[in-house]
Amino acid sequence: MKKEQNKSRRSFLQNSALMGAGVTLANPMQLFADNTISNYKPIDMDQNIKTKGYAATDDSGKLSPFEFERRPVGDDDVLIDIKFASICHSDIHQEKGHWGPQQYPQVPGHEIVGIVAAVGKNVTKFKVGDRAGVGCMVDSCMECDNCTHGEEHYCERGETLFTYGYPTEAEPTGISQGGYSNKIVVRDHFAVHIPEHISFEEAAPLLCAGITTYSPLMKADFKIGDKVGVAGIGGLGHMAIKLAVAKGAEVYGFTTSADKAKDILSWGAKEAVVVDSLDKLQAYRGQMDYMISTIPYAYEMSSYMDCVKPNGFFTQVGVPIGGEYTVNNFNMMFNRVNYNSSLIGGIPETQEVIHFCADNGVRPEIEIINAEQINDAWEKVVNKEARYRYVIDAATF
């Protein structure tokens, strides 16, 4: 049964990747027809798209209103009227320059959902009026082996274009600009369909928090009843718990915030472990079949790795600031735990997690805010006060 499920999933991913990579010429008249439905007026496909959003102008981490232009809708592009965009801790790290110097003004945001407002003449994947989402990347070479097999984030030519802050001659601002805005133009392959049976606001966090945890969890290939540990219970961590529970794991949530324990248990975890001291981890030494850490700060990983069974796997998806992760190699000699890290997931797998969550009632914990509340929300994320994903109403930009 497990082999059949894996075979079916591989087929789904491969077929989705190949379909997304291919381009079929559409009838130009269809473009005109599509651009007049669903109350959308035809647009001049040769003109830049005027856009409103919120941008960082320096590394202070303070955002302010920003009006800018996006590129025209190209033959392989879709224009999306954004309805909601959620806040990821990565937005804060990048805009504050934690991962290196940035070009400003820069609009963050890579958890984006909305309605297709226009399509290029080659686009067959979407039509005007469709519900669509955009995650952490908006383009790649689309020719290498990874790009044509659903691993666009690992483009072999190094041409993955991430959603904001990455140099691109295509955009008038010189860099990609993200989803804290009211419109986005994106290559059709890098948009996914949002099913009707999940709300826009609940779908938004799945475009990063969902796929970033879903992808390594699926690759771990744990069995029903296996013990899965999740360390760091924020925007990513709470999704990791919900997804692992939905996949049949016996889940243990490890957090430094005691007030999150009740939530962890409410999501179906067997135990909530409050790590107010690393000594608390000793009782779980060698107990987990698999463990994923979403901790986004520098920390000593060895004590958490010790919780995994010998020859088991420990995956780190959080990215550190203020230092580096450290590992005690002496510990590693004795626990024989395999370490790996993971970067989001490809477009077919992103579509897969959207459908899985929609079909199985897996929903993020969200709080809707308006644009003027973004800076306050960022402070709460940094102070571990978010519960658990802030979602911005794009109508307020």
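Residues numbered from 1 in each chain as written. Predicted model: local features only at pLDDT ≥ 70, side-chain atom pairs only at ≥ 80, totals over all residues. Heavy atoms only, no water.

Draft legend 1. Representation of the packing of aromatic side chains within the structure. Considering all chains together, one arrives at 12 aromatic pairs under this definition. Plain terms: the ring middles of Tyr54 and Phe397 are 6.0 Å apart, the flat faces sit at 50° to each other, and that makes the pair tilted. With Tyr54 in strand E1 (residues 49-56) and Phe397 in the segment after strand E17 (389-393), this pair connects stretches of sequence that are 343 residues apart. Where Tyr252 meets Tyr284, the ring centres are 6.3 Å apart and the plane angle is 65°; that geometry is what we call edge-to-face. (Phe/Tyr/Trp six-rings, centres within 6.5 Å; stacked < 30°, edge-to-face > 60°. Helix = DSSP H or I, 4+ residues; strand = E, 2+ residues; numbered from the N terminus.)

Draft legend 2. Geometry of helix H10 (residues 347-360). Look at H10: 20 Å from first C-alpha to last across 14 residues, which is about the 20 Å you get at 1.5 Å a residue. The element H10 is extensively covered by neighbouring structure, given that 11 of its 14 residues are classed as buried. Looking at H10, one finds that the buried residues are Ile347, Pro348, Glu349, Thr350, Gln351, Glu352, Val353, Ile354, Phe356, Cys357 and Ala358. Among the residues trailing H10, Gly361 stands out with phi positive, at a value near 70°. (Expected span 1.5 Å × (residues − 1). Buried < 20%, exposed > 50% of the residue type's maximum accessible area, 1.4 Å probe, protein only.)

Draft legend 3. Structural detail: the packing of helix H6 (residues 235-246) against H10. Direction vectors running N to C along H6 and H10 enclose 70°, while the axes themselves pass 12 Å from each other. Considering the angle they form, H6 stands roughly perpendicular to H10. Along its contact with H6, which presents Met239, Leu243 and Ala246, the element H10 presents Val353, Phe356 and Cys357. Residues of the contact of H6 with H10, tallied by class, amount to six nonpolar, no polar and no charged. (Axes fitted to C-alpha atoms, helices over the stretch in contact; angles between N-to-C directions. Parallel < 35°, antiparallel > 145°, perpendicular 65-115°, else oblique. Contact = heavy atoms within 4.5 Å. Nonpolar A, V, L, I, M, F, W, Y, C, P; charged D, E, K, R; others polar.)

Draft legend 4. Inspection of the state of the cysteines at higher detail. In the structure shown here, the tally under the stated rule is zero disulfides. Cysteine Cys144 remains unbridged, with the sulfur of Cys147 as its closest cysteine sulfur at 3.5 Å. (Disulfide = S-S within 2.5 Å.)

Draft legend 5. Summary view of the nonpolar core. Among the nonpolar cores identified, the biggest contains 91 residues, and Val78, Ile80, Ile87, Tyr180, Ile194, Leu243 and Ile374 are the most heavily contacted of them. The residues contacting Ile87, other than those within four sequence positions of it, are Glu111, Tyr180, Ile369, Ala377, Trp378, Val381, Arg389, Tyr390 and Ile392. Listed in part, the 20 residues of the second largest apolar core include Tyr284, Tyr299, Met301 and Val308. (Core = buried A, V, L, I, M, F, W, Y, C linked by side-chain atoms within 4.5 Å.)

Draft legend 6. Focus on a nonpolar patch on the surface. Residues Phe330, Met333 and Phe334 make up a contiguous nonpolar surface patch of about 390 Å² in total accessible area. Inspection of the secondary structure puts Phe334 in helix H9 (residues 329-335). Residue Phe334 is classed as exposed on the basis of its relative accessible area, which comes to 58%. (Patch = residues over 30% accessible without salt bridge, like charges linked within 9 Å, V, L, I, M, F, W, Y side chains within 5 Å. Areas by Shrake-Rupley, 256 points an atom, 1.4 Å probe, with all protein chains shown as cover. Salt bridge = Lys/Arg side-chain N within 4 Å of Asp/Glu carboxyl O.)

Draft legend 7. How the structure looks around the environment of Phe397. According to the relative accessible area criterion, Phe397 is buried, its value standing at 18%. Here the alpha-carbon distance between Phe397 and Ser181, two residues 216 residues apart in the chain, equals 6.4 Å. Beyond its immediate stretch of four places on either side in the chain, Phe397 contacts Lys52, Gly53, Tyr54, Gly179, Tyr180, Ser181, Asn182, Ala371, Ile374 and Ile392.

Draft legend 8. Up close: the pattern of salt bridges. This structure, assessed with the given rule, holds 19 salt bridges. Lys50 serves as the salt-bridge partner of Glu69, at 3.2 Å between the closest nitrogen and oxygen. A residue pair is termed long-range when its members are at least 10 positions apart, and Glu69 in strand E2 (residues 63-70) and Lys50 in strand E1 qualify at 19 residues.

Draft legend 9. Structural view of unusual backbone geometry. Cis geometry is found at the peptide bond from Tyr104 to Pro105, where omega equals -5°. Structurally, Pro105 can be placed in the loop between helix H3 (89-95) and strand E4 (112-119). Going from Arg387 to Tyr388, the amide bond is cis rather than trans, its omega being 0°. You can see Tyr388 is positioned in the loop between helix H11 (374-382) and E17. Unlike most non-glycine residues, Asp221 shows phi in positive territory, near 55°. With respect to the helices, strands and loops of the structure, Asp221 is situated in the loop between helix H5 (209-220) and strand E10 (227-231). One non-glycine residue with positive phi stands out, namely Asn311, at about 70°.

Draft legend 10. Fine view of the side chain of Glu349. Summarising the element assignment, Glu349 is placed in helix H10. Here Ser215 takes part through its side chain, which lies 2.7 Å from a polar atom of the side chain of Glu349. One polar contact links Glu349 to Lys219, side chain to side chain, over a distance of 3.3 Å. (Polar contact = N/O pair within 3.5 Å; in protein donor to acceptor, adjacent residues only side chain to side chain.)

Draft legend 11. Fine view of the pairing of E4. The buried fraction of E4 is high, at eight of eight residues. When E4 meets strand E5 (residues 131-134), the two strands line up antiparallel, connected through four bridges. Bridging across to E5, Ile112 finds its partner in Val134. (Pairing = 2+ DSSP bridges.)

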